[in-house]
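The residues making up each chain are set out below.
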Amino acid sequence: MNQIPYSPGLHKLVTLDVANLDTLTSSQKFISFSEGLLLKYELEKVGISVHDFDNDSFTIAICLKESHICIHTWPEFGQLTLDVYLCNYLQDNTQKVKDITADYIAYFEAVVLKDFEINR
């Protein structure tokens, strides 16, 4: 059998160091920025879950038709973890994952501490 090779998608996981603590404590600003990215990259949101913690950190999962974007912030350490995954079902979204991650790094004015790419 000759099967066509298929790569389900790129999964990017980053840990960022952030000096501007406002971006690590404002879940609403993050959501607004993310909504703009969804429009820019023509992604379809199917749901969102937001939790703001007592110390002003937050965790957010944006479920997409194409997969997901997740974040968890630690303002007490000036860090966050970000997870961006888009599947390649109808098109190759590899560059979109890289560009979205770069847009988030710019939004947070962050220094990358860890950067992992997993080709699914």
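See the structure above.
Predicted model, so just to flag it, every value in this text is computed and none were measured.

Quick notes on the rules
Residues numbered from 1 in each chain as written. Predicted model: local features only at pLDDT ≥ 70, side-chain atom pairs only at ≥ 80, totals over all residues. Heavy atoms only, no water. Core = buried A, V, L, I, M, F, W, Y, C linked by side-chain atoms within 4.5 Å. Buried < 20%, exposed > 50% of the residue type's maximum accessible area, 1.4 Å probe, protein only. Helix = DSSP H or I, 4+ residues; strand = E, 2+ residues; numbered from the N terminus. Contact = heavy atoms within 4.5 Å. Salt bridge = Lys/Arg side-chain N within 4 Å of Asp/Glu carboxyl O.

Overview of the nonpolar core
Part 1: The biggest cluster of nonpolar side chains holds 28 residues, and the ones touching the most others in it are F30, I69, I100 and F108.
Part 2: Among the secondary structure elements, those contributing two or more residues to this core are β1 (9-17), α2 (27-40), β3 (58-64), β4 (67-74), β5 (79-87) and α3 (94-108).
Part 3: For this core, the leading source of residues is α3, giving six residues.
Part 4: When near neighbours in sequence (up to four residues on either side) are disregarded, F108 contacts V18, T23, L24, F30, I71 and L80.

Some points on the pattern of salt bridges
Part 1: Scanning the entire structure with this criterion turns up six salt bridges.
Part 2: A salt bridge links K12 to E117, with the shortest nitrogen-to-oxygen separation between them at 3.0 Å. You can see K12 sitting in strand β1 and its partner E117 sitting in strand β6 (residues 111-119), a full 105 residues away along the chain.
Part 3: Of the residues examined, K12 reaches a relative accessible area of 6% and is grouped as buried.

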